[in-house]
Amino acid sequence: MLRFILKPDRDKSIRQRHPWVFSGAVARRSGPVHPGETVDIVSSEGVWLARGTASTHSQMIARLWTWQRDEELDPSFIRQRIERAIKGREQLHNDPQTNAYRVIFSESDGLPGLIVDRFADWLVVQLLTQGAVAHTAIIVEALAELMPVRGIYERSDVEIRAREGLGEAEGLLWGEAPPDQLTIRENGYEFVLDLAGGQKTGWYVDQRVNRMRVAQYAKNADVLGVFSYTGGFEVLAAGAGATSITAVDSSAAALRGLHTNLAQNGLHTSVTAVEGDAFKILRQLREEGKQYDLIVLDPPKFAHSQSQIDRATRGYKDINMQAFHLLRPGGVLATFSCSGLISADLFQKVVFGAALDAGRDAQIIETLTQGGDHPVLLTFPEAAYLKGLICRVW
Ligand code: SAH
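My aim in this report is to walk through the structure given alongside it, one point at a time.

## Things to note about the packing of aromatic side chains
Counting across every chain of the model gives ten aromatic pairs. With a centroid separation of 6.3 Å and 55° between ring planes, the pair formed by F105 and Y385 is classed as tilted. Of the two residues, F105 is situated in strand β7 (residues 100-105) and Y385 in the loop between β19 (362-369) and β20 (387-393); the sequence distance between them amounts to 280 residues. F105 gets classed as buried once you look at its relative accessible area, which sits at 9%. Note on Y385: relative accessible area 17%, which makes it buried.

In structure tokens:
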């Protein structure tokens, strides 16, 4: 079997079961490397440490799947891991209010590079590493057997695959193709998705719990939802009794989805959909003297690499400052960041700076994170990426 032999003193993180091996830590390889093949990691003293899959392209030349020498990356091992992940979501499988959630979350579920979301009777799979791709057939077979669904659809059309030298891939892997308009349920509300054509996997499952929490503040409120997409937060806010909803997104298709989703739930709240750049629109709303009782800021990932952190923090600060200006005294700001590279601590500092510049007092009343179907493996804190603050603003 292929072996990567580490440089002296580069074994600590691997002994602590961190699943990433960077090329800089490896002294030599026992032979030529093929995409996604199984590799054993060995210390400079020759001690076996862990087993994973190799990448021929990425700086991260191996992802570790097991620290037990007798575990091979074979069908029964992968099946066991998938079973464990499914078992961990038992509450969600049995929840009549929700049928959209994450079933497998990559490293956190011991399956590096594999993401699987359930949307009603379909599974959407993302295979993000050479190691995950190499095991596609086994993964699909196990999923088809262990999850009672009608079809398994691949949406690996994401940029990060380029880091692994993989092109974008999309298409049916098993069973029936999903309909163009698939209705899912979340928190008792219905949403219409286009699994094959939507953004990402067509629905942001990581905000499920937070949508409920934010909706608590929506009764009789004038709500501004910024980066609304198809209305995940806005539909719940309307359902909770909001007086009016203003939704801002740069995508016209997303805003059409918002109208569809409101209608799907029989909600007739007054809605103003504004298509455009949130940074500009927030300023415009302020110039128009608009005021809101609840503002939701749920931007896309601003920081994709270390070098983008400064620019990203300026972006977060700007939208948060604008939001503070737009809130009535006693109003509520629900503000999020899904950039894993921005820590919860840094995010709070950014929001603090924004409140200070806007001259507003703000109190954190709730601290939010990703749903429990996106677990954070204790040995892999990098899995924590979504953070949110709900602030009362005076
Ligand atoms: N809140 C949504 C998810 C938001 S995803 C939910 O709960 O489902 C981020 C959204 O921001 C996407 O819909 C994208 O179209 C939009 N977006 C990205 N850049 C933008 C910009 N500069 N101005 C306005 N919207 C933007």
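## Digging into the packing of helix α9 (residues 278-287) against helix α10 (residues 309-326)
Running from amino to carboxyl end, α9 crosses α10 at an angle of 20°, the nearest separation of the two axes being 10 Å. With respect to each other, α9 and α10 are oriented roughly parallel. Judged by the sense of rotation from one axis to the other, the crossing of α9 with α10 is left-handed. Only G315, D318, I319, Q322, H325 and L326 of α10 make contact with α9, whose side of the interface consists of F279, L282, R283, L285 and R286. Here the contact of α9 with α10 is built from residues that sort into five nonpolar, three polar and three charged.

## Observations concerning the side chain of Q370
Here Q370 lies in the loop between β19 and β20. Among the polar contacts listed, one links the side chain of Q370 to the backbone nitrogen of L386, at a separation of 3.1 Å.

## Here's the deal with the sheet that holds strand β16 (residues 270-275)
Taken in spatial order, the seven strands make up an open sheet running β16-β15-β14-β17-β18-β20-β19, and their pairing is mixed. Strand pairing shows two members of the sheet lacking a second neighbour, β16 and β19, which therefore form its edges. Across the sheet, the mean angle from the axis of one strand to that of its neighbour is 15°, orientation sign disregarded. The pairing of β19 with β20 spans seven bridges and is classified as antiparallel. Note that in β20 the partner of Q363 across the bridge is R392. The strands that helix α8 (residues 252-264) touches are β15 (244-249) and β16; relative to β16, the one it contacts most, it runs at about 170°. Packed on one face of the sheet, α9 meets β14 (222-226), β15, β16 and β17 (292-297) and runs near 155° to β14.

How each quantity is defined
Counting restarts for each chain: residues are numbered from 1 in the order of the written sequence. Local features are withheld for residues below a pLDDT of 70 in this predicted model, meaning they are given only at 70 or higher, and side-chain atom pairs are given and counted only at 80 or more; totals for whole chains, interfaces and linings count all residues. Neither water nor hydrogens contribute to the side-chain values; these are computed over all heavy atoms in the structure. Two aromatic rings from Phe, Tyr or Trp, using only the six-membered ring of Trp, form a pair when their centres are within 6.5 Å; if the ring planes differ by under 30 degrees the pair is stacked, by over 60 it is edge-to-face, and anything between is tilted. Starting at the N terminus, helices and strands are each numbered in turn, a helix being any DSSP run of H or I of at least four residues and a strand any DSSP run of E of at least two. Buried means the residue's accessible area, taken with a 1.4 Å probe over protein chains only, is under 20% of the maximum for its type, while exposed means over 50%, and partly exposed covers the values in between. Lines fitted to C-alpha atoms define the axes here, with helix axes fitted over just the stretch in contact, and angles between the N-to-C directions of these axes take values from 0 to 180 degrees. Note on angle classes: values under 35 degrees are labelled roughly parallel, values over 145 roughly antiparallel, values of 65 to 115 roughly perpendicular, and the remainder oblique. By convention the crossing between two helices is left-handed if the near helix lies anticlockwise of the far one by an angle smaller than a right angle, and right-handed if it lies clockwise. Residues count as neighbours in contact if any of their non-hydrogen atoms are within 4.5 Å of one another. By the convention adopted, Pro, Cys, Tyr, Trp, Phe, Met, Ile, Leu, Val and Ala count as nonpolar, Lys, Arg, Asp and Glu as charged, and the other residues, Gly among them, as polar. Nitrogen and oxygen atoms within 3.5 Å of one another constitute a polar contact, given that in protein one can donate a hydrogen and the other can accept it, and given that sequence-neighbouring residues count only through two side-chain atoms. Whether two strands pair comes down to DSSP finding at least two bridges between them.

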